[in-house]
Amino acid sequence: MLFDSPVVRVRQPGKILPTQARYEIFDDKRNHLASATETDRRTRLQILKATLPTAPPAGARILTVTAADEEPILLLTRHPDGRLTEIHQPDGGLVGRILATGTTRHYSLTDDQEQVVAEIVGELSLKHFRVTGPSGARVAHLSKTWAGPKEWLTPADNYKVTFSGPAPEPARTLIVMTTIVLDLALYE
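For the structure given in this document, a descriptive report is provided here. (Residues numbered from 1 in each chain as written. Predicted model: local features only at pLDDT ≥ 70, side-chain atom pairs only at ≥ 80, totals over all residues. Heavy atoms only, no water.)

**Examining the nonpolar core**
Thought 1: Membership of the largest hydrophobic core comes to 41 residues, with the highest contact counts inside it found for Ile 25, Leu 109, Ile 175, Met 177 and Ile 180.
Thought 2: For this core, the element with the most residues is helix 3 (residues 171-187), which contributes nine residues.
Thought 3: Sequence-distant contacts of Leu 109, that is, excluding residues within four places in its chain, are made with Arg 97, Ile 98, Gln 115, Val 116, Val 117, Ala 118, Ile 120, Leu 174, Ile 175 and Thr 178. (Core = buried A, V, L, I, M, F, W, Y, C linked by side-chain atoms within 4.5 Å. Buried < 20%, exposed > 50% of the residue type's maximum accessible area, 1.4 Å probe, protein only. Helix = DSSP H or I, 4+ residues; strand = E, 2+ residues; numbered from the N terminus. Contact = heavy atoms within 4.5 Å.)

So this is what it looks like as C-alpha cells:
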C-alpha cells in the first residue's frame, strides 16, 4: 500500500505564477512517496485572468500521480464545476470519487461502487478537517500547515494527514488525494 504511513505530508513547492500545479507526497520520515503534476500547462496570462472576479470557471484539472520511480499510479480529474473529483488507476479503472457536498467544508468520499468510505468536514478556518469512516468513527485528521514565508509570495502550501484509525483502501488513497483537491479548491 503506497500511503500506509501513519502520517502523510503533501507539499506544493513554491513558484511564482506556476503554469501547472505540482505536489510532492512524503511519509512521516520524509521519504518521497509520490508526485502529482497537472498534465496541462496554463499560460501566465490565463493564470492572471483567472484571478479576476469576472473570470469564467476553469475547465477540468487533470493531475497524474506518479510513484517515486516516476511510474504513473493514479489519475486525478477535478471536473469543471469544482465539486466532483474522480481518481482513476492508469488503466482507467475507477478508484473512487471526492464530492463536495453543501460547501467546500464538506466532502464525501465514495469507492468505485458508490459506497461512502469516508466523510470529511472542515472547521470554518478551512485549515483543519476531521475525517470519519462509514460508521462515524474518526479515522484521520487533515491540516494545512505553515509553509513558511514563501506562502505569502507563492502558492506554496503544506498539508499533513494524520491517520488515527483504520482506513482501508480505497479510503486511505482518497483521503490523501483530498489534500490536493482542497488546495485546488481553496488556495490555488
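**A few points about the pattern of salt bridges**
Thought 1: As enumerated under the stated definition, the model contains five salt bridges in all.
Thought 2: Between Glu 38 and Arg 61 there is a salt bridge, with its nearest N and O atoms 2.5 Å apart. One end of the pair, Glu 38, is in strand 3 (residues 32-38); the other, Arg 61, is in strand 4 (residues 61-67), and 23 residues separate them in sequence.
Thought 3: For Glu 38, a relative accessible area of 5% puts it in the buried group. (Salt bridge = Lys/Arg side-chain N within 4 Å of Asp/Glu carboxyl O.)

**Overview of the sheet that holds strand 1 (residues 7-12)**
Thought 1: If you trace the 12 strands once around the closed barrel, you get 1-2-3-4-5-6-7-8-9-10-11-12, paired in antiparallel fashion. With direction set aside, neighbouring strand axes in the sheet form an average angle of 20°.
Thought 2: Two strands pair when backbone bridges link them, and strand 8 (residues 106-111) and strand 9 (residues 116-122) are joined in this way by five bridges, in the antiparallel orientation. Within strand 9, the residue paired with Thr 110 across the bridge is Val 116. (Pairing = 2+ DSSP bridges. Axes fitted to C-alpha atoms, helices over the stretch in contact; angles between N-to-C directions.)

**Some points on the side chain of Arg 61**
Thought 1: By relative accessible area, Arg 61 is classed as buried at 8%.
Thought 2: Polar contacts involving the side chain of Arg 61 include one to the side chain of Glu 38, which spans 2.5 Å. (Polar contact = N/O pair within 3.5 Å; in protein donor to acceptor, adjacent residues only side chain to side chain.)

**Some remarks on the pairing of strand 1**
Thought 1: Where strand 1 lies against strand 12 (residues 157-163), six bridges are found, and the strand directions are antiparallel. Residue pairing across strands places Val 10 opposite Tyr 159, the latter belonging to strand 12.
Thought 2: The sheet contact formed by strand 1 and strand 2 (residues 22-27) spans four bridges and is antiparallel. Along strand 2, the bridge assignment pairs Val 8 with Asp 27.

**Examining the side chain of Thr 77**
Thought 1: Mapped onto the secondary structure, Thr 77 falls in strand 5 (residues 72-78).
Thought 2: Contact partners of Thr 77, with chain neighbours within four places excluded, come to Arg 61, Ile 62, Leu 84, Thr 85 and Glu 86.

**Focus: unusual backbone geometry**
Thought 1: Across the junction of Glu 169 and Pro 170, the peptide omega takes the value 5°, indicating a cis bond.
Thought 2: With respect to the helices, strands and loops of the structure, Pro 170 is situated in the loop between strand 12 and helix 3.
Thought 3: Here the phi dihedral of Arg 30 falls at roughly 65°; this positive angle occurs in a residue that is not glycine.
Thought 4: The class for Arg 30 is exposed, based on a relative accessible area of 57%.

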